[in-house]
Amino acid sequence: MPVRVAIGMGTNVGDRLATIEAALWTLDEADEIAVADVSGVWETAPWGGVDQASYLNAVALADTTLSPHALLADLQATEAAFGRDRPREVRWGPRTLDLDILLYGDLELAEDDLVIPHPRLVERAFVLVPLLEVLPGGTLPDGTRLTAAMTALAPVEGIDLHVRLADHPGRRHLQRPDGPSGGAAWLAADGDGRGDGRGDGRGASEV
Ligand code: A4P
Ligand code: MG
């Protein structure tokens, strides 16, 4: 069964919007990952104390049959494909593309190379604002409501809606086949995690 995951996306080097758009399509190309929904793309002031350009941030919801570590490997391969060069980076410094696993169903995991939910999720408005867009009633696995986490961060500054993507892979999965009965047949056949993205597969982090 696919698991509903939330993936944080960030970029502050190069053509940032083109990178976000292309990265979404690249993630979705994997057979094991289906992008189901995407937040708006937000212009955000840099967090973390490094003097650098502002970021574009977004959050994608996806359904995946990959294990958490296999998903992390896929995300890191995608980062590398977009020119990310980890050994040369400053921590919390500029990057062409950062892809973080924010949520993986209801899983809680704390290993050396992978912590889920993402450990700094609740400290970051650039994560919480787009995450709330795609999971408005969402909770963390420990029961914390995302809205409560957002309230704890208030007042929030330095984050502005940049654009809403008109065309993204989550929308492609929403398109119905042509023909009078195509839509109904397609909805009924929604067993592969590529349906409307709002059904039971939305994940246990949704209440
Ligand atoms: N890792 C552990 N848990 C996870 C997880 N849930 N998802 C490990 C992804 N990776 C996870 O990653 C370092 C290692 O974290 C990975 O190899 C993986 O094994 P990294 O991407 O180099 O991240 P980091 O520098 O350690 O820190 P972190 O907290 O992930 O920070 P970011 O988000 O990468 O920091 N300001 C704004 N406005 N917007 C941003 O997007 N991003 C950064 C970069 C700084 N400031 C920003 C933004
Ligand atoms: Mg990261």
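In what follows, the accompanying structure is described. (Residues numbered from 1 in each chain as written. Chains lettered and ligands numbered in written order. Predicted model: local features only at pLDDT ≥ 70, side-chain atom pairs only at ≥ 80, totals over all residues.)

### What about the pairing of strand E2 (residues 33–38)?
Counted residue by residue, E2 has 6 buried out of 6 residues, so it is predominantly covered. By the bridge criterion, 5 bridges tie E2 to strand E4 (residues 55–64) in an arrangement that is antiparallel. Across the sheet, the residue bridging to Val35 is Ala62, located in E4. (Buried ≥ 20, exposed ≤ 12 C-beta atoms within 10 Å, placed from the backbone. Helix = DSSP H or I, 4+ residues; strand = E, 2+ residues; numbered from the N terminus. Pairing = 2+ DSSP bridges.)

### Describing unusual backbone geometry
Here the residue pair Ile116 and Pro117 is connected by a cis peptide bond, since its omega of -5° sits within 30 degrees of zero. In the segment running from Ala154 into Pro155, the intervening peptide bond is cis, with an omega of 0°. Even without being glycine, Trp92 reaches a positive phi, approximately 60°. Within the element layout of this structure, Trp92 appears in the loop between helix H2 (68–81) and strand E5 (98–104).

### So, the packing of helix H3 (residues 125–134) against helix H4 (residues 146–153)
Helix-helix packing is described using two parameters, namely the angle between the two axes and the distance between the axes. At a minimum axis separation of 10 Å, H3 and H4 run at an interaxial angle of 145°. Every pair of crossing elements has a handedness; the one defined by H3 and H4 is left-handed. Here Ala125, Leu128, Leu131 and Leu132 of H3 come into contact with H4, specifically with Leu146, Thr147, Ala149, Met150 and Leu153. Looking at the contact of H3 with H4, its residues break down into 8 nonpolar, 1 polar and no charged. (Axes fitted to C-alpha atoms, helices over the stretch in contact; angles between N-to-C directions. Left-handed = near helix turned anticlockwise from the far one by under 90°. Contact = placed C-beta atoms within 7 Å. Nonpolar A, V, L, I, M, F, W, Y, C, P; charged D, E, K, R; others polar.)

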